[in-house]
Amino acid sequence: MQALYAQLLVGLINGSFYALLSLGLAVIFGMLNIINFAHGALYMMGAFVAYFLLNLGGINYWWALLIAPVIVGIFGMILERTMLQWLTGLDHLYGLLLTFGIALIVQGLFQNYFGSSGLPYAIPDELKGGMNLGFMFLPIYRGWVVIFSLVVCLATWFLIEKTRLGAYLRAATENPTLVRAFGINVPRMITLTYGLGVGLAALAGVLSAPINQVRPLMGADLIIVVFAVVVIGGMGSIMGSIITGFALGVIEGLTKYFYPEASNTVVFVLMVLVLLVKPTGLTGRAA
Amino acid sequence: MTVVTDDTLKAPPRAMRDEMIVFVAMTLLLASVPFTGIYPFFVMQALCFALLACAFNLLIGYGGLLSFGHAMFLGTAGYCSAHALKVWGLPPELGILVGVAAAFVLSIVTGYVSIRRQGIYFSMITLALSQLLYFIYLQAPFTHGEDGIQGIPQGRMFGVLDLSKPTILYYVVLVGFLGGFLLIYRIINSPFGEVLKSIRENEQRAISLGYRTDQYKFLAFILSGTLAGFAGSLKVFVAQNASLTDVHWSMSGEVVLMTLVGGLGTIFGPVVGAFVIIAMQQYLASFGQWVTVIQGAIFVICVLTFRRGVVGEIAHYFRRSL
């Protein structure tokens, strides 16, 4: 039973990363119509920035949680301004290829300087240790990751679905020309949205740094699973991304307990099954 | 989904003659390789990738479908051929047949699943499917995991052609490549190819004209996957092994890069692109991970400034279709 709970927890943690990443992808896709292939690389950058902040600047985890997404977000906004914006009006395909190229450059550079092995990042003192819940032992840091990312996801959902800024954003997604006519600076909004999506990826990176090691390819393998999550959930709704992300993490965790051989592939198998039954994905609109 | 090609930019006169001249020149050039000092292994490898890129281009350049999982056909056919040759002891021609048949079946299954979604969703699904296969091959006993299938006997094709002789192997691979290339050329210039192009330009209109576009795309997917498998089977004889690198998604990325560099939707583009990228990897191998950075930079440059690719730019300059 202990092992089952442990796998469920691992599943929930992976689910938090899936949710944060697919949420960022959904936000970016909504405004820029681009599948951000660089998302995994930017997630990795988040973890590395946290590592640098700690080891070069002596800046601790809590500040990194705030600063790293901002730094990587600014990097993302520069990318958007210098490259991505030139693709407006072109086919989706070119956005995918461009961001794929960016991902290769970023990952290649990090591999050059840091090799492929992992760098350790210590769990902050406040979150060390664990507590006994009676039925299982919960490492505090892992519990923190699940709760914190859930809060961030819901906050993003609230920002986009319930605030005025979010309303502008959704309107600009539907009809940028009209929104522009109302005097809203749509290009700036697009840049900021990209920054937000990228920031979410970087935040996931910081959260993951103490659990998984900080490695140049940490995002490369994860991003494909996240793509499968996106296909399963569809990108029609923000809430859909969040729920699908967590749910698939849990399913993956359960598979690891009951049938470990399939744990790598269960998400992809689910994707195939969902596509056979409902080609648009669970919450998706038609592409 | 619109790909920038010459067809979309301007309608040049149909220039079968130009294409024939270039084809003959290419054939002569490739046929003369053993008489020059060029390392034949390099050219053979490039030919296999060129065929793979041509097969991939059939799907994206003419059907507008960006598959990000074409490595799965290359790898699957490679593993199946290698297994048939080494464990079952089949002769080369039957080994190739087994690989191609495996790719054919795989393309039917994956095509059925992926063709239901369009655009970038299609790309993501193909990518996820190929990653699924990657994990299966990683764990399946017959692929020998990280080691791959090694030391594959080359044997005698049709009982006469001794493939362990480099020159004979070279010409067999060349004939295989040219055969695949001509088949793709024929498909593109058939009524089927014309319908595919119309789907690429405007799918809604093709539907309104009464074409069942899903079936056309499905068939294009099967043809492309099977031909990509053929490239994988040929590659087994060149490399004498089948390994996980051929199934990994970075291989799919390389195929996309080759086609993009050469020119999406051009007939000769993927061939040129494959040679450029393979040569680059060969000569830059000592730079380690910088190769990845350079490949990424080429991606970015191509997408931002050079969307027609090498052949596309040349063809555009001379206002020809190549």
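Residues numbered from 1 in each chain as written. Chains lettered and ligands numbered in written order. Predicted model: local features only at pLDDT ≥ 70, side-chain atom pairs only at ≥ 80, totals over all residues. Heavy atoms only, no water.

Q: Looking at this model, I keep getting lost on the overall build of chain B. Mind explaining?
A: Secondary structure summary: chain B contains 14 helices and two strands in total. In terms of overall dimensions, chain B has a C-alpha envelope of 50 × 45 × 40 Å along the principal axes. With 322 residues in all, chain B has 59% of them scored as buried. Once local pairs closer than 6 in sequence are excluded, the contacts in chain B between residues at least 24 apart make up 78%. Accessible area of chain B: about 12,600 Å², with a carbon and sulfur share of 67%. Counting 19 positive and 15 negative side-chain charges, chain B places the averaged centre of each group 6 Å from the other. (Helix = DSSP H or I, 4+ residues; strand = E, 2+ residues; numbered from the N terminus. Buried < 20%, exposed > 50% of the residue type's maximum accessible area, 1.4 Å probe, protein only. Contact = heavy atoms within 4.5 Å. Areas by Shrake-Rupley, 256 points an atom, 1.4 Å probe, with all protein chains shown as cover. Lys, Arg positive; Asp, Glu negative; His and termini not counted. Charge placed at Lys NZ, Arg CZ, Asp CG, Glu CD.)

Q: Would you explain the interface of chain B and chain A in this entry?
A: Often, the extent of an interface is quoted as the loss of accessible area upon association of its parts. Contacts between the two partners involve 42 residues from chain B and, on the opposite side, 47 residues from chain A. Across the chain B to chain A interface the summed buried area is about 4,200 Å²; carbon plus sulfur atoms make up 78%. Inspection of the region where chain B meets chain A yields zero salt bridges. Where chain B touches chain A, the interface holds five residue pairs in polar contact (both at pLDDT 80 or more). Broken down by element, the residue count for the side of chain B that touches chain A peaks at 13 residues, all from helix α6 (residues 119-139) of chain B. A breakdown of the residues in the side of chain B that touches chain A according to their chemical character gives 29 nonpolar, 10 polar and three charged. (Buried area = accessible area lost by both parts, 1.4 Å probe. Salt bridge = Lys/Arg side-chain N within 4 Å of Asp/Glu carboxyl O. Polar contact = N/O pair within 3.5 Å; in protein donor to acceptor, adjacent residues only side chain to side chain. Nonpolar A, V, L, I, M, F, W, Y, C, P; charged D, E, K, R; others polar.)

Q: How should the state of the cysteines be read in this particular structure?
A: Each disulfide consists of one covalent bond between the sulfur atoms belonging to two cysteines. Residue and element names in this part refer to chain B. A full pass over the atoms with the stated rule returns zero disulfides over all chains. Residue Cys48 stays outside any disulfide, its sulfur separated by 12 Å from that of Cys54, the closest cysteine. Residue classification places Cys48 among the buried residues on the basis of a relative accessible area of 2%. A disulfide-free cysteine, Cys302 has its sulfur positioned 17 Å from the sulfur of Cys54, the nearest such atom. You can call Cys302 buried: its relative accessible area is 3%. (Disulfide = S-S within 2.5 Å.)

Q: Help me out: how do you make sense of the packing of aromatic side chains in this one?
A: How two aromatic rings sit relative to each other is set out by the distance from centre to centre and by the angle between their planes. Enumeration according to the criterion identifies 38 aromatic pairs over all chains in this entry. Look at A:Tyr61 and A:Tyr121: their rings are 6.5 Å apart centre to centre, the planes differ by 55°, and that puts the pair in the tilted class. Of this pair, A:Tyr61 sits in helix α3 (residues 61-82) while A:Tyr121 sits in the loop between α4 (92-114) and β1 (130-132), placing them 60 residues apart in sequence. Like A:Tyr61, the residue A:Tyr121 is buried in the burial classification. Here a set of aromatic residues connected by ring pairs shows up, and it is made of A:Phe37, A:Phe100, A:Phe227, B:Phe68, B:Trp249 and B:Phe299. Positioned above the aromatic ring of B:Tyr121 is the side chain of B:Arg117, whose terminal nitrogen or guanidinium carbon lies 3.9 Å from the ring centre. Here B:Arg307 stacks its cationic end above the ring of A:Tyr94, 5.7 Å away from the centre of that ring. (Phe/Tyr/Trp six-rings, centres within 6.5 Å; stacked < 30°, edge-to-face > 60°. Lys NZ or Arg CZ within 6 Å of the ring centre and 35° of its normal.)

Q: I tried to follow the nonpolar core on my own but got confused; where do I start?
A: If you look at soluble globular proteins, the nonpolar side chains tend to sit buried side by side. Ranked by size, the top nonpolar core spans 207 residues in total, and within it A:Met271 and B:Phe177 carry the most contacts. No other element matches helix α3 (residues 40-63) of chain B, which puts 18 residues into this core. (Core = buried A, V, L, I, M, F, W, Y, C linked by side-chain atoms within 4.5 Å.)

Q: Help me out: how do you make sense of the confidence of the model for chain A in this one?
A: The predicted coordinates should not be examined in detail at positions where pLDDT is low. Here chain A averages 90 in pLDDT, while 99% of its residues score no lower than 70. Per-element mean pLDDT across chain A ranges from 81 in β1(A) up to 95 in α3(A). (pLDDT = per-residue confidence, 0-100.)

Q: Even after reading the chapter, I still don't get the confidence of the model for chain B, so can you show me in this structure?
A: All names here are of chain B. Scored by pLDDT, chain B comes out at a mean of 89, with 95% of its residues at no less than 70. Predicted confidence is poor over residues 9-13, with pLDDT under 50, and the contacts of this stretch with residues over four places away or in other chains come to nine contacts. Among the scores for the predicted complex, ipTM is 0.89 and pTM is 0.90.

Q: It is not clear to me how the packing of α3(A) against helix α5 (residues 140-162) of chain A should be interpreted in this structure. Could you clarify?
A: Between two packed helices, what matters for the description is the angle formed by their axes and the separation of those axes. Residue and element names in this part refer to chain A. As a packed pair, α3 and α5 sit with axes 15 Å apart at the nearest point and diverge in direction by 30°. In this view, α3 runs roughly parallel relative to α5, as classed from their interaxial angle. α5 is crossed by α3, and the crossing has right-handed handedness. Each of Tyr61, Trp62 and Leu65 in α3 lies in contact with α5, whose residues at this interface are Tyr141, Trp144 and Phe148. When its residues are assigned to classes, the contact of α3 with α5 shows six nonpolar, no polar and no charged. (Axes fitted to C-alpha atoms, helices over the stretch in contact; angles between N-to-C directions. Parallel < 35°, antiparallel > 145°, perpendicular 65-115°, else oblique. Left-handed = near helix turned anticlockwise from the far one by under 90°.)

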